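Notes for the structure review
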Amino acid sequence: MIHDRRFWLSWVVLGGVALFLLWWGARTTFWNVLPWLLVLACPLMHIFMHSGGGGHGRHHHDSRR
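Notes on the structure follow. (Residues numbered from 1 in each chain as written. Predicted model: local features only at pLDDT ≥ 70, side-chain atom pairs only at ≥ 80, totals over all residues. Heavy atoms only, no water.)

All chains considered together, the criterion is met by six aromatic pairs. Relative to W8, the ring of F7 lies with its centre 5.2 Å away and its plane at 80°, an arrangement referred to as edge-to-face. On the basis of relative accessible area, F7 is assigned to the partly exposed category, the value being 37%. Through successive ring pairs, a cluster of aromatic residues spans F7, W8 and W11. (Phe/Tyr/Trp six-rings, centres within 6.5 Å; stacked < 30°, edge-to-face > 60°. Buried < 20%, exposed > 50% of the residue type's maximum accessible area, 1.4 Å probe, protein only.)

With that settled, the discussion passes to a nonpolar patch on the surface. A grouping of L9, V13, V17, F20, L21, W23 and W24 is seen on the molecular surface, where their side chains present a nonpolar patch of about 730 Å² in accessible area. Here L9 is to be found in helix α1 (residues 2-49). (Patch = residues over 30% accessible without salt bridge, like charges linked within 9 Å, V, L, I, M, F, W, Y side chains within 5 Å. Areas by Shrake-Rupley, 256 points an atom, 1.4 Å probe, with all protein chains shown as cover. Salt bridge = Lys/Arg side-chain N within 4 Å of Asp/Glu carboxyl O. Helix = DSSP H or I, 4+ residues; strand = E, 2+ residues; numbered from the N terminus.)

Spelled out as structure tokens, the structure:
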């Protein structure tokens, strides 16, 4: 009975360490990639936010002036 308890306890500890290392690795990777995601967001926002604006130089003015 003690052998079974130690066996499962070792698997729980090993699983906990593995989950912690996965969580820590994902967290540090996210913080390392975050500045590049912000740099990539700038041209993407420029492309997608200007798509419905009608283009540059074609502004419609009120003809009743």
